[in-house]
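Take a look at the letters that make up each chain.
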Amino acid sequence: MKQYIANVALVVKDYDEAIDFYTKKLNFKLLEDTQLSETKRWVVVAPPGAKECCLLLAKAAKVEQVAAIGNQTGGRVGFFLFTDDFWRDYKEMQAKGIHFVREAVEEPHGWVAVFEDLYGNLWDFIQPSPQNKTRLV
């Protein structure tokens, strides 16, 4: 049997500004943008080379959802972006104006820095070490 997480929903304020951030600042690919209704779209983005888990950009439609924008994990890092070349991508992200809230450090699980997305959600940016059991295959 094979199972995997296909999408993780990320509550956003606006579809187009979120697409712009993820595709232009983080180099994600826009995999799908399908109109479902007058106010709802199915928008999926993923990092280059991603094979399974993607982000489903979900526009907030209720007051409770609007309140969660930028704080989906209560101020904790909630998303983890792995790379095969930390310094190449770190420098490119800095040049594109990505705000790092914790600078790069080498940890037992790899090189890591923490950045925030356009809404303030925290992301670990990681080049996993050989000891990291979730490293890129």
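For the structure, see preceding data.
In this report, we go over the structure that sits alongside the text. (Residues numbered from 1 in each chain as written. Predicted model: local features only at pLDDT ≥ 70, side-chain atom pairs only at ≥ 80, totals over all residues. Heavy atoms only, no water.)

## Structural notes on unusual backbone geometry
Phase 1: Even without glycine at this site, Asn27 takes up a positive phi of about 65°.
Phase 2: Locating Asn27 in the fold gives a position in the loop between helix H1 (15–25) and strand S2 (29–35). (Helix = DSSP H or I, 4+ residues; strand = E, 2+ residues; numbered from the N terminus.)

## Examining the pattern of salt bridges
Phase 1: A complete count under the given rule lists 8 salt bridges for this structure.
Phase 2: Between Glu52 and Lys2 there is a salt bridge, and its shortest N-O distance comes to 3.1 Å. Of this pair, Glu52 sits in the loop between strand S3 (41–46) and strand S4 (54–59) while Lys2 sits in the segment before strand S1 (7–12), placing them 50 residues apart in sequence.
Phase 3: Judged by relative accessible area, Lys2 falls into the exposed class, the value being 64%.
Phase 4: Across the pair Asp85 and Arg88 runs a salt bridge whose closest N-O atoms are separated by 4.0 Å. (Salt bridge = Lys/Arg side-chain N within 4 Å of Asp/Glu carboxyl O. Buried < 20%, exposed > 50% of the residue type's maximum accessible area, 1.4 Å probe, protein only.)

## Quick notes on the pairing of strand S8 (residues 122–128)
Phase 1: When you tally the buried positions in S8, you get 6 out of 7 residues, the bulk of the element.
Phase 2: Looking at chain direction, strand S5 (residues 77–82) and S8 are connected through 5 bridges and run parallel. Looking at the pairing, Phe80 lines up with Asp124 of S8.
Phase 3: In this sheet, S8 lies alongside strand S7 (residues 110–116) in antiparallel orientation, the contact comprising 7 bridges. Paired with Phe115 across the bridge in S8 is Trp123.
Phase 4: Between S7 and S8, which pair antiparallel in sequence order, lie 5 residues; one of them, Gly120, sits at a positive phi of approximately 105°. (Pairing = 2+ DSSP bridges.)

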